[in-house]
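Single-letter residue listing:
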Amino acid sequence: TKLIMEPVWKVLIFLSLFALLRVDAVDQRQPLYLLNLIPFRDDRPDAGWDEGLELIPAANLAIQHINRSEILKGYELNVINTNSEACQLNNGNDGIVNFVRYSIHSDKNIVGVVGLFCSTSAEKLSPVAGRDGVDLIQIASSNSPEFVLSLEIDPPKYPHLYRTISSTLALSEVVVEMMKSFNWERISVIGEDFSGIPFSSTARAFEMAVNAANDSMELEILLHREISQSYVSPVLIELQKSGGKLVVVSATLETVKRILCDNEVSSTGSGLVYVVLLYSLEEVANACGSKSLEVLESTFFVYFQLFREDNVEIISGENASQFNSSYFKELQRAHKEDQNVNLNGSIYAAHMYDQIWAFALALNRSSSYLNLTDYRYGDANATRIIENELKTLSFEGASGLIQFGPTKEAQTNVYVTLINSDVESQTALYSPITKQFSSSFNKSDIPLDSFQEFHQPLWLVVASYFVATFCFVLVTAVLILHVYFRDSKEIKATSLFLCNLIFLGCYLLCFGLVITITQEGFVLPPLVVTILCNLELWFNFLGIDVIFTTLFVRLLRIYYIFSKFKKLGRLWDDKSLSLIVILVCVGHSVLLIAWTAADTFRYQEEHFITSAGFLSSKQVCHSEFLLLWTILLYVYVSILFVLVIFLAVKTRRIKRQEFKDTKKINAFVFFFFIVLIPSLALWQIFLAQKMYVLAYIFYVIGYTSIILLCEFCLFIPKLIPLFIHKKKYRIHRGSIGEALVN
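Residues numbered from 1 in each chain as written. Predicted model: local features only at pLDDT ≥ 70, side-chain atom pairs only at ≥ 80, totals over all residues. Heavy atoms only, no water.

Chemist: In this structure, what is going on with the overall build of the protein? I would like to understand it.
Modeler: The secondary structure content of the protein amounts to 25 helices and 19 strands. Every one of the 742 residues in the protein was classed for burial, and the buried ones make up 51%. A sequence separation of at least 24 residues applies to 74% of the contacts in the protein between residues at least 6 apart. In the structure as shown, the protein presents an accessible area of about 35,000 Å², 59% of it carried by carbon and sulfur atoms. (Helix = DSSP H or I, 4+ residues; strand = E, 2+ residues; numbered from the N terminus. Buried < 20%, exposed > 50% of the residue type's maximum accessible area, 1.4 Å probe, protein only. Contact = heavy atoms within 4.5 Å. Areas by Shrake-Rupley, 256 points an atom, 1.4 Å probe, with all protein chains shown as cover.)

Chemist: What is the right way to read the state of the cysteines from this model?
Modeler: A covalent bond bridging the sulfur atoms of two cysteines is what the word disulfide describes. Enumeration according to the criterion identifies two disulfides in this entry. Here C87 connects covalently by a disulfide to C118, the sulfurs 1.8 Å from one another. Sign of the S-S torsion, about -75 degrees for the bond between C87 and C118, identifies this disulfide as left-handed. On the criterion of sequence distance, the pair formed by C87 in the loop between β2 (75-83) and α3 (93-104) and C118 in the loop between β3 (110-115) and α4 (119-130) is long-range, its members being 31 residues apart. Taken individually, C87 and C118 each receive the classification buried, so the pair is uniform in this respect. (Disulfide = S-S within 2.5 Å.)

Chemist: Looking at this structure, I do not really get the packing of helix α6 (residues 169-181) against helix α7 (residues 199-212). What am I missing?
Modeler: Contact geometry for α6 and α7: axes closest at 9 Å, N-to-C directions at 40 degrees. When the interaxial angle is binned, α6 and α7 end up oblique. Between α6 and α7 lies a crossing whose hand is right-handed. Only T202, A205, F206, A209 and V210 of α7 make contact with α6, whose side of the interface consists of L169, S172, V175, V176 and M179. (Axes fitted to C-alpha atoms, helices over the stretch in contact; angles between N-to-C directions. Parallel < 35°, antiparallel > 145°, perpendicular 65-115°, else oblique. Left-handed = near helix turned anticlockwise from the far one by under 90°.)

Chemist: When you look at the packing of helix α9 (residues 253-261) against helix α11 (residues 281-288) in this model, what are you seeing that I'm missing?
Modeler: Describing two packed helices takes the angle between their axes plus the distance from one axis to the other. Two elements in contact, α9 and α11, have axes whose closest approach is 10 Å; the angle formed by their N-to-C orientations is 70 degrees. As judged from the angle between their axes, α9 and α11 are roughly perpendicular. For the pair α9 and α11, the contacting residues are L253, V256, K257, L260 and C261 in the first and E283, V284, A287 and C288 in the second. Residues belonging to the contact of α9 with α11 are distributed by class as follows: seven nonpolar, no polar and two charged. (Nonpolar A, V, L, I, M, F, W, Y, C, P; charged D, E, K, R; others polar.)

Chemist: Explanation requested: the environment of E226 in the structure shown.
Modeler: If you trace the backbone, E226 turns up in strand β8 (residues 220-227). Residues E226 and I190, spaced 36 residues apart in sequence, show a C-alpha to C-alpha distance of 5.6 Å. In this structure E226 touches G191, E192, S200, R204 and V235, once residues within four positions along its chain are discounted.

Chemist: In this structure, what is going on with the side chain of D135? I would like to understand it.
Modeler: Positionally, D135 belongs in the loop between α4 and β4 (138-140). Among buried charged residues, D135 stands out as having no salt bridge; its nearest opposite-charge side chain is R131, 8.8 Å away. (Lys, Arg positive; Asp, Glu negative; His and termini not counted. Salt bridge = Lys/Arg side-chain N within 4 Å of Asp/Glu carboxyl O.)

Chemist: Would you mind showing me how to read a nonpolar patch on the surface here?
Modeler: A cluster of nonpolar side chains, L579, I582, L583, V586 and V590, forms an exposed patch at the surface whose accessible area comes to about 450 Å². Structurally, V590 can be placed in helix α20 (residues 574-598). Relative accessible area serves as the criterion here: at 48%, V590 is assigned to the partly exposed category. (Patch = residues over 30% accessible without salt bridge, like charges linked within 9 Å, V, L, I, M, F, W, Y side chains within 5 Å.)

Chemist: What exactly am I supposed to notice about empty space enclosed by the protein here?
Modeler: Where empty space is left becomes clear once a probe the size of a water molecule has been rolled over the atoms. According to the stated counting rule, one finds two cavities of 30 Å³ or more in the structure shown. In terms of lining, the largest cavity is formed by F147, L151, Y158, L161, R163, T407 and K408. Its residues assigned to classes, the lining of the largest cavity shows four nonpolar, one polar and two charged. Along its surface, the second largest cavity is lined by F454, Q519, E520, F522, K618 and Q619. (1 Å grid on protein atoms, 1.4 Å probe; cavity = no way out; pocket = protein on both sides within 12 Å on 5 of 7 lines; lining within 4 Å. Points joined across faces, edges and corners; volume = space filled by probe spheres on them.)

Chemist: How should I be thinking about the pattern of salt bridges in this particular structure?
Modeler: Opposite charge on two side chains permits them to pair, given that their charged atoms come into close proximity. Applying the stated rule across the entire model yields nine salt bridges. Here K180 makes a salt bridge to E177, at a shortest N to O gap of 3.9 Å. Taken together, the positions of K180 and E177, both in helix α6 and three residues apart, correspond to about one turn of that helix. Given a relative accessible area of 29%, K180 falls into the partly exposed group. One salt bridge connects E330 with R333, and the closest N-O pair in it is separated by 2.5 Å.

Listed below in structure tokens is the structure:
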């Protein structure tokens, strides 16, 4: 037994001594500290993103992996987590106060600053941390374009700032590549300055990128406008009127939500296709709430790839899925200690992890030249050595390849997501290294850069011209027959002269119909459209006015003859009555002149979505008080219409057949009601619904029916008996040609 136990005791003694020595070795590792400035929860009204608590588990995971690795021998890396202030708060006071407290007024040797996920915090703190006499390196994940644009300033404003994510300038470059790939030549851009967040800088940078690309392709910025949350609708209306369809949006998430999802605002920009920078589909959909996919249809989202989705082995030896699993385990532990930690985690966790690894690798390389225990703020020479190692660093991180280029930022992949007509998303991945898209887009879903000009289908236009020609021919034929039979008692009783005024009204309506067909059937220059709109107004209203005024005067004379039984004076002859018709129509003309002079119809493009789902623009004319003028004119016509009905009723008992127009006029009024009124009502209904083909059809039916009703109700019934007995009449009157000559 003694022989057996002796070796066992020796082994136990050896293991105990080894453990003691190992503990002593661990205790002798020198601590190094990174200051992690992240946004803690903030309930102030202007506070933006404040989910920094969910980044702490990622930082702790990086520290664990680094301290168990083979780097930084003799050192133990630690992280101090403190508040940088929520995003969109422009003062950055908490971040600067905490930086001074832990980096300068502390006995812990802070070797660098990480975190800084908010551009507002980074822009305030980085100049302080990087100034002469402080000289501390910061690795951030904020994407303000100011960090790149300021590199041209001497001395640099952010001398020791590096970032694991590209600036939003990269998103602008991606949109330029989209324009080239999708054959877009025209685009507009809007930017917003909100609480110091330089979204408008990104918008301006995009315009510069477009101008720079013009050497290889003709690209055009139609409009560039600045917006605020309270001034969105007027800008969208202006963009809509420009004729361009594509709009790049660089703004806060709240403003993007207003543009895309606020019914009152989004309706003013109906038909525009938005290219939203920085935010993913999920972020905007969550902000918009229910039915967001339908609202966001045909919208592009251009945003950074914030974490890997491949199986590449990252710096710690794990792949992306293993890293995510480890992160969420760490997140659950943090949640048990602090219920404010959200178990959903943070989309920026991979960048937090990579920031700390980047610092650790640069420090490890520098440890060959430096005693890191003695490194603290103000050591410019040591900072330069560490910075040189940081510039040459290249490793596969949890967020992607970390390699700081000339702009001191990693080249981040960019996603482009499109919601197509089936309310499904298609995504393309753009690599800034290869400058190429890995795209799954269907070409049929890529919108055009301008609205498709809408005009009526060719078959409908041809059919409409045929109808108008038929109306011209019919009116002319009936007029010729009236001239031929002018000496018959039926024609004399109703006066050929007054009948000719009704024919004039029909011709005016025919011309108005042709103008409408031309305007609806073809894409015309704006000036031509404006002229045609005003001519159409005059022809249509004056045509109706002449017809109803003549009917009224003609019936009034018959009523006077058979109610007073007096011989007619000169006031009631054809010339006098025609003059009265002209004077009455002058009143109508005064309204038209006032309308045209004070509130002229002007060219305007109206944007809408066709039944096939295409975004289109239609040439229309509009005046500021269109509804008021329309009511006045229709009230005027309605009064004449009522007077005609009244006189038709009053003259219904006249026994002389040639003077008895009551039945014919009653038929005209009856069919006018059952055909014209519903047609014009349906025209307005379909017009309001932007169903322009149906609206046009009922418009043509309505105005054609007036012409046809005039001929078939007022004139043709009188001509049929005369035409049947034309042989007898010809002996008395001669041929039609002779009648026309006479």
